[in-house]
Amino acid sequence: MHFLQLGLKGLLKDVKFSKGLLSVVGNYSAICHRQSSIRCYSLKAKQDLPSLPVAPLQQSLEKYLSVLKPIISDEDFAKTSQIVKEFGKTNGEGEALHRILCERAKSEANWVDEWWSRYGYQRWRDSLVVHINPGLFYSKQEFNGRNGQIRFAAKLLLGILDYKKMVDSGTIPVQKYGKDPLCMKQPYIVMNSCRIPGEEEDGSYVHDPEKPEGRAGYVVAMHNNQFFCIDLYDESGKQLNLTQLQEKIGQAIDMSPSPGPPVGVLTAMDRTSWAKVYKKLIKDSTNSAILERIQKSLLVVCLDQPSFHNFPDDKTGAAANSMHGSGSQLNSGNRWFDKTMQAIVTTDGGLGANLEHLLAEAVAQSDVFDHALDHMAKRVTTKSLPVAKTGPPQKLEFNLTNDLLDDIEVARKQLDSLVDNIELAPRLFTWYGKNFIKHYRMSPDAYLQVCLQWAYYRLHGHPVSTYETGSTKKFRYGRTETVRSCTTEALEFSKGMESKTCKKQEKIDLLTKAVEKHSSLSKEAMAGEGIDRLLFGMKIAAIESGREVPEVYNDPSYKEAMRFRISTSQVPSKHGGNVYFGPSEQDGYGMCYNIMSDQVIFTVSAFKDNDITSAKKFADVIETSLRDVQLLLFGRKSEYHQG
């Protein structure tokens, strides 16, 4: 997602490389890991995937200059070209740092994995809310009221448990891109895992995927800001059926008729402040045990109050509720933002999730929900599952001192400030989807990214550095690489579309070239030939080896290249889910999308306190641009019409 770029920016100044674990809870420090140390992910067989390559230096420096061309002046480009030439000369700084990466790649399954985890995620110090955790929301579901909420949540849990069976048996189907298998590490660690705050960098709890018998067989349900442990199996290992799950969820709701102290808002604090409060919490043995229960749980299930009524439309309400809970007076206290997966079910038909990003991308997490919704559609009956006997939900009650209550009040105000400052504009574009785009033999993703470039140019009059998440999961422990959507070709297309003299066929040719260029960049990123992880790695190598950070990283052009005022990602969901996130720059936009067969679902985010950006205006222009490009293509193959 957009936040993955953060390790590329100014996070590496005066860094210190601490050793060992920074977060230890209770008596289970042996299973609090750095994300990068979790190397096991398949119970039945290990994947024989290639290691992530180190991209060639000279080729990468040439690509870097091409990235700068559309976003900086000719004068700055000339200066930067000299800096890059000096950096890349024979036996120069670039070659020395590149050799360090090549040596590292010989001994590491993925040379960037540990560094990227630490600096891209664990050392993030601001709040996870808005900045890091993506939200996931679906269209309003066909249930309403307390009983509907209980029944839907129970069915959703059955679907998630069905996914868990594949995790425990090591039988999740291997995903592929074309014929190439993808790394399957993430599906095995998205459940029974949690981020843990540290004052300098965070740690994590991850259950050892090689030991399914030790996986927690319970969820933590939250209702009215209160916590309940709900067992999913009896002592003999039999799974609860639908009726029993409904009963337990209903009991938890009945046991929390009014809101309790919003302890969950503590997880929305900046990470250093939360780590300090966390230290206070774990001094009490009861609190420490509760934290351990939450961290080890399968996932957190948030049983929320209504989420739609305070917003102009259902989509905006659902998006806001999944991203942040819509404020401490609504559902923001009914969250544990450190948890890798939180399922959210509201009393007025809302379904969503909040997804923590330290251990996995949103694609792996949304796959769990897709599977659960598939399972729900099969209409599994109560009789199809064995009956088990377990006790009622266990209420988890924190011991809160006046000092901790003061901390909660501080966290509540900080969270409400974040909530008040984020603008969301979710849209359902129904004119066409990937079927129409494929008819013209274009990549749907590349097509949308090029249209997005034109939309920004239309609204703001200039191009900006743009981030799209590319996957490197063809390699062992692969995660992401940046696909840079702002290309010279996309800029020429934008200018052509704004020109009164550019002819229709010329515009189509410019569109084709821009789409082809983006498709080429995407393929290079997937092949480990992007530029951003290499640039990041060489900077880390300089710091670790005690060298001065090279001039190329202090160049204003580099800083402009890393200032992503558009952050984007495509997260497909066959059930129409939309993952979305906040902007990575104060004057920027977040934009996540799901290109379906005949429609495009997307959400734009922006900060309200910035006078330059407007999520609503940008979303409007994106829709207009998508329609205008469709009209442009009519006449080339006008027999295809949709929308």
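Residues numbered from 1 in each chain as written. Predicted model: local features only at pLDDT ≥ 70, side-chain atom pairs only at ≥ 80, totals over all residues. Heavy atoms only, no water.

Concerning the packing of aromatic side chains
- Enumeration according to the criterion identifies 21 aromatic pairs in this entry.
- Aromatic side chains tyrosine 589 and phenylalanine 618 sit 4.3 Å apart centroid to centroid with 35 degrees between the ring planes, which places their arrangement in the tilted category. Of the two residues, tyrosine 589 is situated in strand E18 (residues 589-595) and phenylalanine 618 in helix H18 (residues 615-633); the sequence distance between them amounts to 29 residues.
- Following the ring pairs from residue to residue traces out a cluster consisting of Phe429, Tyr432, Phe436, Tyr440, Tyr447 and Phe634.
- Looking at arginine 533, its charged tip hangs above the ring of tryptophan 116, at a distance of 4.0 Å from the centre.
- Note that arginine 627 overlies the ring of tryptophan 431, its terminal NZ or CZ placed 5.2 Å from the centroid. (Phe/Tyr/Trp six-rings, centres within 6.5 Å; stacked < 30°, edge-to-face > 60°. Helix = DSSP H or I, 4+ residues; strand = E, 2+ residues; numbered from the N terminus. Lys NZ or Arg CZ within 6 Å of the ring centre and 35° of its normal.)

Considerations on the pattern of salt bridges
- A complete count under the given rule lists 36 salt bridges for this structure.
- Put simply, glutamate 356 and arginine 195 hold a salt bridge, and the shortest N to O gap is 2.7 Å. Note that glutamate 356 is positioned in the loop between strand E11 (351-355) and helix H10 (362-377) and arginine 195 in strand E5 (residues 193-196), a separation of 161 residues in sequence.
- Owing to a relative accessible area of 1%, glutamate 356 belongs among the buried residues under this scheme.
- Its relative accessible area of 1% is what places arginine 195 among the buried residues.
- Aspartate 532 serves as the salt-bridge partner of arginine 484, at 2.8 Å between the closest nitrogen and oxygen. One end of the pair, arginine 484, is in strand E15 (residues 480-484); the other, aspartate 532, is in helix H16 (residues 532-544), and 48 residues separate them in sequence.
- What makes arginine 484 buried here is its relative accessible area of 7%.
- Connected through salt bridges with shared partners, the residues Arg125, Arg195, Asp202, Arg271, Asp338 and Glu356 form a single ionic network. (Salt bridge = Lys/Arg side-chain N within 4 Å of Asp/Glu carboxyl O. Buried < 20%, exposed > 50% of the residue type's maximum accessible area, 1.4 Å probe, protein only.)

Things to note about the sheet that holds E11
- Taken in spatial order, the eight strands make up an open sheet running E12-E8-E7-E9-E10-E11-E2-E17, and their pairing is mixed. Lying at the two open borders of the sheet, with one neighbouring strand each, are strand E12 (394-396) and strand E17 (578-580). Strand-to-strand twist of the sheet, defined as the mean angle between neighbouring strand axes without regard to direction, takes the value 25 degrees.
- Pairing of strand E8 (residues 226-231) with E12, which is carried by three bridges, proceeds in the antiparallel orientation. Looking at the pairing, phenylalanine 227 lines up with leucine 396 of E12.
- Packed onto the sheet, helix H6 (residues 242-254) meets strand E7 (218-223), E8 and strand E9 (300-304) and runs at close to 160 degrees relative to E8. (Pairing = 2+ DSSP bridges. Axes fitted to C-alpha atoms, helices over the stretch in contact; angles between N-to-C directions. Contact = heavy atoms within 4.5 Å.)

A few points about the side chain of threonine 568
- Position of threonine 568 relative to the elements: it lies in strand E16 (residues 566-570).
- Assessed through its relative accessible area of 0%, threonine 568 is described here as buried.
- A polar atom in the side chain of threonine 568 sits 2.9 Å from the side chain of glutamine 449.
- Leave out the neighbours within four places in its chain, and threonine 568 touches Gln449, Leu452, Thr466, Tyr467, Glu468, Thr469, Phe581, Met591 and Tyr593. (Polar contact = N/O pair within 3.5 Å; in protein donor to acceptor, adjacent residues only side chain to side chain.)

So, the sheet that holds E15
- Judged by pairing direction, the sheet is mixed, and its six strands sit side by side in the order E13-E19-E18-E16-E14-E15 without closing on themselves. Only two strands of the sheet have a single partner each, and these edge strands are strand E13 (422-429) and E15. Averaged over all neighbouring strand pairs, the angle between strand axes comes to 20 degrees, with direction disregarded.
- Examined bridge by bridge, E18 and strand E19 (residues 600-607) share six bridges and lie antiparallel to one another. Within E19, the residue paired with asparagine 594 across the bridge is isoleucine 601.
- Contacting E13 and E19, helix H11 (residues 402-421) runs over the sheet at an angle of about 45 degrees to E13.

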